[in-house]
Amino acid sequence: KITKKSGKVVGVEELKTAIKDIIELEDKNKPLSDLEIVKLLDTQDFSIARRTVAKYRESMNILNTKKRKLK
C-alpha cells in the first residue's frame, strides 16, 4: 500500500497505473526519466522516490529512458 501526501492510502496498482499512463502519454522522441516521472506523480499527490518508480517500471516490463527513445 502507498500513502499519498493527502494521507489517503491507495494500492500499489493505482501507482503502477499512474506510472503507466504517464509513460504512454510521453513524447516518444524525448522519453521521461524516472526523476521526471516522480515530479509528475508529485502533482498527482504521490510522494515516492525515484528508485520506487524504477522498481515498478521494471516490474511492468517498461524499458528505461534510453531504450524507450525512438531512433
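Below is a short write-up of the structure. (Residues numbered from 1 in each chain as written. Predicted model: local features only at pLDDT ≥ 70, side-chain atom pairs only at ≥ 80, totals over all residues. Heavy atoms only, no water.)

The final tally for this structure, using the stated rule, is five salt bridges. Across the pair Lys4 and Glu14 runs a salt bridge, and its minimum N-O distance is 3.3 Å. Note that Lys4 is positioned in the loop between strand 1 (2-3) and strand 2 (9-10) and Glu14 in helix 1 (residues 12-25), a separation of 10 residues in sequence. Exposure remark for Glu14: the relative accessible area of 35% places this residue in the partly exposed category. Two residues, Asp42 and Lys5, come together in a salt bridge whose shortest N-O distance is 2.8 Å. Here Asp42 is found in helix 2 (residues 34-43), whereas its partner Lys5 is found in the loop between strand 1 and strand 2, with 37 residues between them in sequence. (Salt bridge = Lys/Arg side-chain N within 4 Å of Asp/Glu carboxyl O. Helix = DSSP H or I, 4+ residues; strand = E, 2+ residues; numbered from the N terminus. Buried < 20%, exposed > 50% of the residue type's maximum accessible area, 1.4 Å probe, protein only.)

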